[in-house]
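# Architecture and fold: a report
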Amino acid sequence: MRVVFVDANATLAAVARRLLQPDDPPFVIHAEPAIAPQDLPGILAGAAIAVIDHTALPLDVARACTGLKHVVFLGTGARSYMDPEALRAELGVTVHTIKGYGDTAVAECAFALMWAATRGIAQMDRAMRAGSWLRTEGMQLTGKRVGLVGFGGIAAEMARLCQGVGMRVLAWNRTARTHPDVAFVPLERLLAESDVVSLHLLLTDETRGFLSADRIAAMKPGAIVINTARGALIDEPALVEALRTGHIAQAGLDVFTVEPLPADHPLASLPNVTLSAHSAFRTPEASDNLIGAALAHCRRITAG
């Protein structure tokens, strides 16, 4: 069974070449990340397994990928790029995802965005580069409450980091969880009491728009929003309005409803927003974990 990594950037291509083993199935690396979905049938050329980093796979395109039986998606958010259930039901294509590869990397980014947002570091940096000596008053985080919405591996790492600097950790999860020194509370209480709200949910039909206008309004005035999960979890226009009014003091965002973020997007012009380019998971350690897990998927598929 031939495997094609269809949209490998330079970093992931290098990792794949380093981790490939002599007895692995034939593995083709298409080292061009900027491809369109309609390019996929030609790139795959009858391959049974596609490794996909970030390219959308609509059902009509998948139908034209003759021979395709498996998709190994590099991450957990496959539903942002394809419909796994429809692919399985209509075309017999199984979508495999990868969990846990970047829990520490993503949590560290969320932690960094939280600190940068609370102290207005990006805002001061922009002003100083423009010749203005802007000094802002930030929030001291020691002793403050951070509310983690969704509690999987990334949130557990975020809890560890926040506890280490003396923050009180609240959490809400759709199913019952326990974790040392984390208070699991109803969502309404978390929103009302948290000085920082950090999102750690998977994007599904049920969680799309989860942080709605009503839930943003229910948050503690002057709170900070951190999102390293998926942009569509938030009602972006409602967040923009809350940032403009000051109900939300700051936001640190790594993910957006439309990516790349358009230059004229309102979030790009607000001074109280710290932006990063969906890069929370991009560390050498996470890349090794990610590609290693993808290759393990391919080995299991071809073996059985």
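Scope of this entry: the structure provided in the associated data block.

Criteria and cut-off values
Residues numbered from 1 in each chain as written. Predicted model: local features only at pLDDT ≥ 70, side-chain atom pairs only at ≥ 80, totals over all residues. Heavy atoms only, no water. Salt bridge = Lys/Arg side-chain N within 4 Å of Asp/Glu carboxyl O. Helix = DSSP H or I, 4+ residues; strand = E, 2+ residues; numbered from the N terminus. Buried < 20%, exposed > 50% of the residue type's maximum accessible area, 1.4 Å probe, protein only. Axes fitted to C-alpha atoms, helices over the stretch in contact; angles between N-to-C directions. Parallel < 35°, antiparallel > 145°, perpendicular 65-115°, else oblique. Left-handed = near helix turned anticlockwise from the far one by under 90°. Contact = heavy atoms within 4.5 Å. Nonpolar A, V, L, I, M, F, W, Y, C, P; charged D, E, K, R; others polar. Core = buried A, V, L, I, M, F, W, Y, C linked by side-chain atoms within 4.5 Å. Phe/Tyr/Trp six-rings, centres within 6.5 Å; stacked < 30°, edge-to-face > 60°. Lys NZ or Arg CZ within 6 Å of the ring centre and 35° of its normal. 1 Å grid on protein atoms, 1.4 Å probe; cavity = no way out; pocket = protein on both sides within 12 Å on 5 of 7 lines; lining within 4 Å. Points joined across faces, edges and corners; volume = space filled by probe spheres on them. Pairing = 2+ DSSP bridges.

### A few points about the pattern of salt bridges
- On inspection of all chains with the given rule, the structure shows 10 salt bridges.
- When the shortest N-O distance is used, the salt bridge between Arg160 and Glu157 registers 3.0 Å. Of the two residues, Arg160 and Glu157 are both situated in helix H7 (residues 153-164); the distance of 3 residues between them amounts to about one turn of the helix.
- Its relative accessible area of 44% is what places Arg160 among the partly exposed residues.
- Among the ionic contacts, a cluster of salt bridges with common partners joins Arg145, Arg189 and Glu193.

### Observations regarding the packing of helix H1 (residues 10-19) against helix H12 (residues 284-303)
- It is at 9 Å that the axes of H1 and H12 come closest, and there the two elements cross at 55°. The angle between H1 and H12 places the two elements in the oblique class. Crossing hand, H1 versus H12: right-handed. Listed contacts from H12 to Thr11, Leu12, Val15, Ala16, Arg18 and Leu19 of H1 are Ser287, Asp288, Ile291, Gly292, Leu295 and Arg299.
- Here the contact of H1 with H12 is composed, by residue class, of 6 nonpolar, 3 polar and 3 charged.

### As for unusual backbone geometry
- The omega torsion of the bond from Glu259 to Pro260 falls at -5°, within 30 degrees of zero and hence cis.
- Locating Pro260 in the fold gives a position in the loop between strand S11 (248-253) and helix H11 (266-269).
- A positive phi is found at Ala45, a non-glycine position, where the angle reads about 45°.
- Here Ala45 shows up in the loop between helix H2 (40-44) and strand S3 (49-52).
- Positive phi outside glycine occurs at His278, with the angle close to 45°.

### Description of the nonpolar core
- Counting 52 residues, the largest nonpolar core has Phe27, Leu74, Met114 and Leu148 as the members making the most contacts within it.
- In terms of residues, this core owes the most to one element, helix H5 (residues 103-119), which gives 9 residues.
- Those residues in contact with Leu74 that sit more than four places away from it in its chain are Phe5, Leu12, Val51, Ile52, Asp53, Ile98, Tyr101, Leu290, Ile291 and Ala294.
- Grouped together as the second largest cluster of nonpolar side chains are 33 residues, Val149, Val185, Leu201 and Ala223 included.

### Thoughts on the packing of aromatic side chains
- Within this structure, the stated rule accounts for 5 aromatic pairs.
- Geometrically, the ring pair formed by Tyr101 and Phe281 is edge-to-face, given 6.5 Å between the ring centres and 75° between the ring planes. Here the residue Tyr101 occupies a position in the loop between strand S5 (94-96) and H5, and Phe281 occupies one in the loop between strand S12 (273-275) and H12, the gap between them amounting to 180 residues.
- Between Phe111 and Trp115 the ring centres are 6.0 Å apart and the planes differ by 70°, which places this aromatic pair in the edge-to-face class. Highlighted residues: Phe111 and Trp115, both in helix H5, separated by 4 residues, approximately one helical turn.
- In this structure Trp115 comes out as partly exposed when scored by relative accessible area, which is 27%.
- Positioned above the aromatic ring of Phe210, the side-chain terminus of Arg215 is 4.3 Å from the ring centre.

### As for the layout of surface pockets
- Roughly 190 Å³ of volume is contained in the second largest pocket.
- Along the walls of the second largest pocket sit 13 residues, with Thr76, Ala78, Arg79, Thr97 and Leu202 positioned nearest its centre.
- Its residues assigned to classes, the lining of the second largest pocket shows 5 nonpolar, 5 polar and 3 charged.

### Observations concerning the environment of Ile49
- Tracing the backbone through its elements, the reader meets Ile49 in strand S3.
- For Ile49, a relative accessible area of 0% gives the class buried.
- For Ile49 and Thr66, which are 17 residues apart along the polypeptide, the C-alpha to C-alpha distance reads 11 Å.
- Those residues in contact with Ile49, other than ones at most four positions away along the chain, are Met1, Arg2, Val3, Val4, Leu44, Leu68, His70, Val72, Cys298, Ile301 and Thr302.

### Quick word on the sheet that holds strand S4 (residues 70-73)
- Reading across the sheet, the 5 strands line up as S2-S1-S3-S4-S5 and stay open at both edges, with parallel pairing between neighbours. Edge positions in the sheet fall to strand S2 (27-29) and S5, since each has one partner strand and no second. Here the strands of the sheet are splayed against their neighbours by 20° on average, with no regard to which way each runs.
- Along the sheet, H12 makes contact with strand S1 (3-5), S2, S3, S4 and S5, crossing S4 at roughly 165°.

### Focus on the side chain of Ser287
- For Ser287, the location among the structural elements is in helix H12.
- The contacts of Ser287, once residues within four sequence positions are left out, are Thr11, Leu12 and Val15.

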